[in-house]
Amino acid sequence: MSQTNLQQEWLQQIQASEDLTILDDLRVHLLGKNGLVTQQLKTLGALAPEERKAKGAEINAIKDQIALAIEEKKTLLEAQALESRLDNEKIDITLPSRPESMGKIHPLSKAIQDITQYFSQVGFQVFDGPHIESQELNFDALNIPAHHPARQNHDTFYVAGSDEVLRTHTSPVQIRTLRNHKPPIRFLAPGRTFRSDYDATHTPMFHQIEGVVIEEGINFGHLKGTLIDFCRWFFENPNMNLRFRPSFFPFTEPSAEVDISWKNDKWLEVLGCGMIHPTVLQNCGVDPNQFQGFAFGMGAERLTMLKYGINDIRSFYDGDTRWLDLYGFGAQS
Ligand code: PHE
C-alpha cells in the first residue's frame, strides 16, 4: 500500500473510532513507542543524508496530521460522552422527598427561645454566667449573708474542696453583668440552675430566666406592667389575671411573688420579682440614688409545663423520643 493510501486508511480508522478506548488503542498502535508511524521514523537512520531529510519531513508531517486528527476526534468523543451522560442522568425534581426524621425541638428550648425573643423585642440583651459560681456572687453580693436562712433554703450543691457552688439561681448574672456594663441597661439571663431536690415538680438541674431593667426613674409600676404583659402574651390569654403577692428576697425590696389565675380560678405561682435592693446596686458600683431597677426570676420548666399541660417535670429529662414526638415542635414552627 502506498504511503498516501496508508495515511488515508489511518485517518479513516481514526474517524471510525466509536469510543475513547478504541481511539486511544489506535493512538498507541500508530504513534506509540512501537507504533507504525514511530517505526517508520526509526528507519530513517539507514538512509542517505539527503534522502533522510526529505523522508523525515514527510513522515513528521504525517505524524502531526495523525496526532491532530486523534486530538480532534478525542474532543468530539468526549463532548458526545458528556452529552449522553447528561441525557441519562436526569434528576426528577418533581419527586417528593423521602420521609425522614427531622427531630423535634424540646418544648423547654422552644419556650426559652420564645421568651428570649419576646424580651429582645422590647430592648433586652441576653447575658450568661457560669454554672459553677463563687459563693460571693451566688450569695454575698446578692445581699444573702452567710448566717441568713435564705442561704439554707436553696438546697445548695457545694463543690467539694472549694469555695464554689453550682449556682442555685440565675441572679448571680445580675452581679456579673452590672459590674461590667453601666446602666441604663435591660437584659435577660436564661440558663441552668441547680438545687438538691427531686420530685414531680423539682429536678436537681432546672432552668431559670432572670430579667433585669435598670434605668433612671424605674418603679414598681414598670415591673407590674412588664410582667402582666409578658404573662398574658406567653399564656396567650389577654384577660389573664395576675396577683402580686408580697414576699421576701434579700436582693429585692419590696419583693413579690407573682401568681397567675389558672383554670377554676386557682392561683399558681410562676415567678419571683422585686425592685433591686440598693445594697445590690452598690455592690455592683451603681449609685442607687441615680438608678433604680427591677428584677424577676422565673422557672422555665414551670412556665413550660403550665403552657403545654405537662404534668411531671422529670419527663423533660427522660430522653424519651416518643414524649418528644408528642410535646416537641417541628423545626419550622
Ligand atoms: N433568684 C430568685 C430565686 O431563685 C428569683 C428572683 C429573681 C426573685 C429576681 C427576685 C428577683 O428564687
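Residues numbered from 1 in each chain as written. Predicted model: local features only at pLDDT ≥ 70, side-chain atom pairs only at ≥ 80, totals over all residues. Heavy atoms only, no water.

Visitor: Explanation requested: the pairing of strand 5 (residues 205-215) in the structure shown.
Guide: Each regular strand carries side chains that alternate between the two faces of the sheet. Among the 11 residues that make up strand 5, 10 are buried, leaving the element largely enclosed by the rest of the structure. Note that strand 4 (residues 185-194) and strand 5 share 10 bridges and pair antiparallel. Looking at the pairing, glycine 191 lines up with glutamine 208 of strand 5. Sheet topology note: the strand 5/strand 9 (residues 292-299) ladder contains 8 bridges and is antiparallel. Looking across to strand 9, one finds that valine 212 is bridged to alanine 295. (Buried < 20%, exposed > 50% of the residue type's maximum accessible area, 1.4 Å probe, protein only. Helix = DSSP H or I, 4+ residues; strand = E, 2+ residues; numbered from the N terminus. Pairing = 2+ DSSP bridges.)

Visitor: Just to check I follow, could you spell out the layout of surface pockets for this structure?
Guide: Unfilled space is identified by rolling a water-sized probe across the atoms. Size it by volume and the largest pocket reaches roughly 1,000 Å³. Surrounding the largest pocket, 40 residues form its lining, Arg195, Phe206, Gln208, Glu269 and Gly299 being those nearest its centre. For the lining of the largest pocket, the secondary structure elements donating two or more residues are strand 5, strand 6 (242-249), strand 7 (252-262), strand 8 (266-276), strand 9 and helix 11 (300-308). Grouping the constituent residues of the lining of the largest pocket by class yields 17 nonpolar, 15 polar and 8 charged. Empty space within the second largest pocket amounts to approximately 170 Å³. Lining of the second largest pocket is provided by 13 residues; of these, Val122, Phe124, Arg186, Thr226 and Phe294 occupy positions nearest its centre. Sorting the residues of the lining of the second largest pocket by element identifies helix 5 (107-120), strand 5 and helix 9 (220-234) as the ones contributing at least two each. It is helix 9 that provides the largest number of residues to the lining of the second largest pocket, a total of 4 residues. (1 Å grid on protein atoms, 1.4 Å probe; cavity = no way out; pocket = protein on both sides within 12 Å on 5 of 7 lines; lining within 4 Å. Points joined across faces, edges and corners; volume = space filled by probe spheres on them. Nonpolar A, V, L, I, M, F, W, Y, C, P; charged D, E, K, R; others polar.)

Visitor: How should the nonpolar core be read in this particular structure?
Guide: Burial of nonpolar side chains together is a common tendency in soluble globular proteins. If you look at the biggest cluster of nonpolar residues, it comprises 41 residues, and the most contacted ones within it are Phe119, Phe230, Phe235, Ile260, Cys273, Phe296 and Met298. Considering each element in turn, this core owes the most residues, 6 residues, to helix 5. Formed by 23 residues, the second largest nonpolar core is a distinct cluster that contains Phe139, Val173, Ile185 and Leu281. (Core = buried A, V, L, I, M, F, W, Y, C linked by side-chain atoms within 4.5 Å.)

Visitor: Please explain the site of the ligand as it appears in this structure.
Guide: Near the ligand, the surroundings consist of 14 residues, among which His169, Ser171, Arg195, Gln208 and Gly297 are the closest. Serine 171 is positioned with one of its side-chain polar atoms (N or O) 2.9 Å from a nitrogen atom of the ligand. Glutamine 208 is positioned with one of its side-chain polar atoms (N or O) 3.0 Å from an oxygen atom of the ligand. When the free accessible area of the ligand is taken as 330 Å², the share hidden by the protein chains comes to 92%. If you map the ligand onto the pockets, it falls in the largest pocket. For the shell around the ligand, the secondary-structure elements that each account for two or more residues are strand 5, strand 8 and strand 9. (Near = heavy atom within 4 Å. Polar contact = N/O pair within 3.5 Å; in protein donor to acceptor, adjacent residues only side chain to side chain. Areas by Shrake-Rupley, 256 points an atom, 1.4 Å probe, with all protein chains shown as cover. Sits in = over half its atoms within 2 Å of the grid points.)

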